[in-house]
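Observations on the model geometry
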Protein chains: 2
Amino acid sequence: MTTGEFAFLEWLRQRTPSTERVLLGPGDDTAILRWPRGPHCLVTTDMLLEGSCFRLAETHPGTRGAGTARQVGRKAMAVNLSDMAAMAGIPVAAVVSIGLPRKGGRALAEELYLGLRERADAFNTAIIGGDTNSWDGPLVINVALLGEATPRGAVRRKGARPGDRLFVTGPLGGSLLGKHFDFMPRVREALALHAAVDLHAMIDISDGLAADVAHLCAESGCGALLYADAIPIAEAAHAMADDRTPLEHALGDGEDFELVFAVAPAEAETLLRIPPIAGLTLIGECVAEAGLWLQENGRRRPLPPLGYVHTLE
Amino acid sequence: MTTGEFAFLEWLRQRTPSTERVLLGPGDDTAILRWPRGPHCLVTTDMLLEGSCFRLAETHPGTRGAGTARQVGRKAMAVNLSDMAAMAGIPVAAVVSIGLPRKGGRALAEELYLGLRERADAFNTAIIGGDTNSWDGPLVINVALLGEATPRGAVRRKGARPGDRLFVTGPLGGSLLGKHFDFMPRVREALALHAAVDLHAMIDISDGLAADVAHLCAESGCGALLYADAIPIAEAAHAMADDRTPLEHALGDGEDFELVFAVAPAEAETLLRIPPIAGLTLIGECVAEAGLWLQENGRRRPLPPLGYVHTLE
């Protein structure tokens, strides 16, 4: 997600004709396609560009936030699996395209592939095809992932209602210190939650908690109040040790790849009584008025969506 | 397709576990995935890299073989549709990822999208999602395309038998003079042929007639004899006017995006009697012995597969 992408997305959406096959086009975590007689097909794609989305430790040793080709492969698959999780979908198969620098390309390709496979194998997802090129540019890797909706259907960003409770699946912030490469996408957690309760709306945290809750709210036509004291803060958010507080990191860093979702109050009680997954935390509620608020020390203040904070420095 | 891709593909294939969902993994024009209760899902992907797969007329005005962003968009969608055609599949929906140069990226993105849509719309294919990034590198565009197998099943590269007749769907050579950007993928032709006769094996011509017939034969475990006099030569192959003959251009240029396929002799007679599509030409036959031969002036000589000839100069 880059600056300007939302404007282009709007341009795209206006020009995307609805067809009977397409249940959901651009703008959510995956698209939803009707498949004759079978379960709906969920599709997502993500491109990682060297120097913009990641730095390669092989060429930038010692750079904070740089990752090995193995880690880049892991991330390229995992960001797509995280999108699949955000729809409570079941990943099935992926295709992978790679643009390799001419020098050392074959070795990079093998490491990338081993990283891709680590995450794909963890979710029984086959790598069924691809396109491998070499060129004079930096490393580029694109994954497109197919999945199935469960019989309960896919969970969209749209569907949260005022009064709904907001939960997050794990601690947030400081992802740059390692988690942004090595996270485990919340595929299993999403399916367990989807089986346990009626999920009104869900999104994965890639742009940052505040920004992604804002996306969910914008699609749902509501606002949200987050409880500052309740937001789970990752140790890495403390370890960042810069001019931002750990809470600010948790709200704005992004690339946590945890899930945020909205459920009705009664379902929230069910989740709190016997949590179907570890790490589940109630962090806020949806409100009728559009916008984001933070409740801190008994006071409520507007929370800027903070926007996408790039993981490169 | 680049030098070394075949070796890497073999490495990949050896490491791709077969799962019950995957009917066909890497190595054909599309993968084939079982879909519960529904038709098989066909998946392909292709990445185009500026400076390697194409040159942009906007940044290289006057360069032979350079294309506008609109043409690059057309090609990015069409190469995937051509892969779908090679399986006699029905295209359904695509996702598109783009890496845009920071300067002028938005305008490029709009032109790319219009080009993508021209080809997608021609085959009732929806663009259902994507990923748009900007970076300091050149233009990168990746399309992943989903389709369905018809009730007759997908046609693979494997399946040709000695004695089978080889046909091509149109004239070949000189694609660099324009066709490599502006071709219409043979989706409808493939479906008409698939309905009319039993297609044993099929491939689209991206690497070049000789190289692609060699791929089809390698998968099928046979060889092929091509009739030099019968190979349809495009006007552009004559217009190339360099040190290679028009026949050499037809055999080796590649990026024609016509289809080559094998059928039993009786089916060949059916096709010749009442051709179900325009432009169909009988160009050779499959033989038991591995390898490629060219019959020219009553003599038979070994034909080197010529390999991939890059469209950039």
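Residues numbered from 1 in each chain as written. Chains lettered and ligands numbered in written order. Predicted model: local features only at pLDDT ≥ 70, side-chain atom pairs only at ≥ 80, totals over all residues.

**Examining the domain arrangement of chain A**
Quoted interface sizes are often the accessible area lost when the parts come together. All names here are of chain A. Segmenting chain A into domains produces domain 1 (5–149) and domain 2 (165–302). Inter-centroid distance (C-alpha atoms) of domain 1 to domain 2 is 23 Å. Tallying the contact residues gives 17 residues for domain 1 and 17 residues for domain 2. Every element with two or more residues in the side of domain 1 that touches domain 2 is listed here: helix 2 (69–86) and strand 4 (89–101). No other element matches the 10 residues that helix 2 contributes to the side of domain 1 that touches domain 2. When the residues that make up the side of domain 1 that touches domain 2 are grouped by side-chain class, the tally is 9 nonpolar, 4 polar and 4 charged. (Domains from an automatic or database assignment. Contact = placed C-beta atoms within 7 Å. Helix = DSSP H or I, 4+ residues; strand = E, 2+ residues; numbered from the N terminus. Nonpolar A, V, L, I, M, F, W, Y, C, P; charged D, E, K, R; others polar.)

**Describing the relation of the copies chain A and chain B**
Note on the copies: chain A fits chain B at an RMSD of 0.0 Å, the axial shift is 0.0 Å, and the rotation between them is 180 degrees. With respect to symmetry, the two chain copies, as superposed, fit the operation of a two-fold axis. Among all residues of chain A, the one whose C-alpha sits closest to the rotation axis is G38(A), at a distance of 2.4 Å. A share of 100% of interface residues in chain A that are also interface residues in chain B marks the association as one of identical surfaces. (Least-squares fit on C-alpha atoms with pLDDT ≥ 70 in both.)

**Some points on the sheet that holds strand 8 (residues 140–149) of chain B**
All names here are of chain B. Here 6 strands make up an open sheet; going across it, the order is 1-2-3-8-6-7 and the pairing mixed. The open sheet terminates on both sides in strands that have one partner only, identified here as strand 1 (22–24) and strand 7 (126–135). Sheet twist, expressed as the average angle between the axes of neighbouring strands with direction ignored, equals 20 degrees. Here 3 bridges tie strand 2 (residues 31–33) to strand 3 (residues 41–49), and the two strands are oriented antiparallel to one another. The residue bridging L33 from the neighbouring strand is C41, located in strand 3. (Pairing = 2+ DSSP bridges. Axes fitted to C-alpha atoms, helices over the stretch in contact; angles between N-to-C directions.)

**Here's the deal with the environment of V43(A)**
Mapping V43(A) onto the fold places it in strand 3 (residues 41–49). Each C-alpha atom of the pair V43(A) and L56(A) lies 28 Å from the other, and the pair is 13 residues apart in sequence. Discounting residues that sit within four places of it in the chain, V43(A) has contacts with T30(A), A31(A), L33(A), A144(A), L146(A), A93(B), V95(B), I128(B), G129(B) and L146(B).

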